[in-house]
Structure formats: structure tokens, C-alpha cells
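Now for the letters of each chain:
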Amino acid sequence: MHVRCCAHILNLCVQDGLDELRTLLEPIRNVIRWIRAARSAKRIFKQKCEEYGLRKKVIALDTPTRWNSTYKLLHDAIAYRDVLTDMYNESRATDGQFITNDHWSLAKIVHDVLETFDNATHIFSYVYEPNIHMVILECIKIICTIK
């Protein structure tokens, strides 16, 4: 019963799933990439955060090799949904590409599924107590989340 191997298998499964969703989440990634790269965007982000009564936060970009970075990106992006939507839609008004409620609905669903996987990964990766009964319970939670 190699419990830690379960974490690796879970990682591979999540990576494959995210590959299918990358293009659908791209507008959210693009606005965060823009905020991180351009001074003017950082200034606008700060102003929008003040407008919405939010504290300015640096939202980390995700990396393709670490799926939990996508989970963290979505977690932060959802909290700043209104700010990011305004910024993206105002900047892209000329080319007609917008972040819509559909993008955010998908982001929320992906976030919730990734949260289940993130919790399972932590349980699978316990250093001193990874037990098969804990792994089975987390696998059941994953199945229920996916259904």
C-alpha cells in the first residue's frame, strides 16, 4: 500500500484535466499577467480595489507544472472578480473580447473541484500518518465532487 504514490497519480490526473481547460481560463490568466507586467495596470488595479473596498493583493500566476498554482490563482481571482472583470473588459473593449459570467462560473466550478483535489493531496502527502483508510475516504470525496 504505497499511499504517497496516490498523490502522484492524483497529480497526473489533475494535470490532464487542466490541459483540457487551459484555453477556457485564459482570459482570467491574461488580465492577471497584464496586471503583473504593466505599471499602468498595477495603478488601475489599485484604484479599482479601492473602488470596490478591497485590499490590493498580488495575485500569483499559475505554472503549468504545478496544478495547485492554478487553484491558488482561481482562489484569489474569484475574490477579485469584479475588479478583474472591469479591468479586462475596459482594456479589451475595442476587440470585443470580454470576461463574462460564463468564464467566472467555469472558474468557480474548476476552483471547487481543485479544492477537493488539493485537500486530498495534503492527506495523501502526510509524512508520518498516510493511511489507506484516509486515502479511500478522500477518493470517495473526489468521486462525489466530480459527479
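Each value, and the rule that gives it
Residues numbered from 1 in each chain as written. Predicted model: local features only at pLDDT ≥ 70, side-chain atom pairs only at ≥ 80, totals over all residues. Heavy atoms only, no water. Salt bridge = Lys/Arg side-chain N within 4 Å of Asp/Glu carboxyl O. Buried < 20%, exposed > 50% of the residue type's maximum accessible area, 1.4 Å probe, protein only. Helix = DSSP H or I, 4+ residues; strand = E, 2+ residues; numbered from the N terminus. Patch = residues over 30% accessible without salt bridge, like charges linked within 9 Å, V, L, I, M, F, W, Y side chains within 5 Å. Areas by Shrake-Rupley, 256 points an atom, 1.4 Å probe, with all protein chains shown as cover. Axes fitted to C-alpha atoms, helices over the stretch in contact; angles between N-to-C directions. Parallel < 35°, antiparallel > 145°, perpendicular 65-115°, else oblique. Contact = heavy atoms within 4.5 Å. Nonpolar A, V, L, I, M, F, W, Y, C, P; charged D, E, K, R; others polar.

(A) Layout of the pattern of salt bridges. Taken as a whole and judged by the stated rule, the model has eight salt bridges. The residue Arg-33 makes a salt bridge to Glu-26 at a minimum N-O spacing of 3.4 Å. Overall, Arg-33 belongs to the partly exposed group, its relative accessible area being 36%. Across the pair Lys-141 and Glu-138 runs a salt bridge whose closest N-O atoms are separated by 3.2 Å. Taken together, the residues span about one helical turn, with Lys-141 and Glu-138 both in helix H7 (residues 132–146) at a distance of three residues.

(B) Structural context of a nonpolar patch on the surface. Taken together, the side chains of Ile-132, Ile-136 and Ile-140 present a nonpolar region at the surface, about 250 Å² in accessible area. With respect to the helices, strands and loops of the structure, Ile-132 is situated in helix H7.

(C) Broad picture of the packing of helix H2 (residues 26–37) against helix H3 (residues 39–51). Their axes nearest at 5 Å, the elements H2 and H3 cross at an angle of 110 degrees. Here H2 is positioned roughly perpendicular relative to H3, judged by the angle of their axes. Of H3, the residues touching H2 (which contributes Trp-34, Ile-35, Arg-36 and Ala-37) are Arg-39, Ala-41, Lys-42 and Phe-45. Here the contact of H2 with H3 is built from residues that sort into five nonpolar, no polar and three charged.

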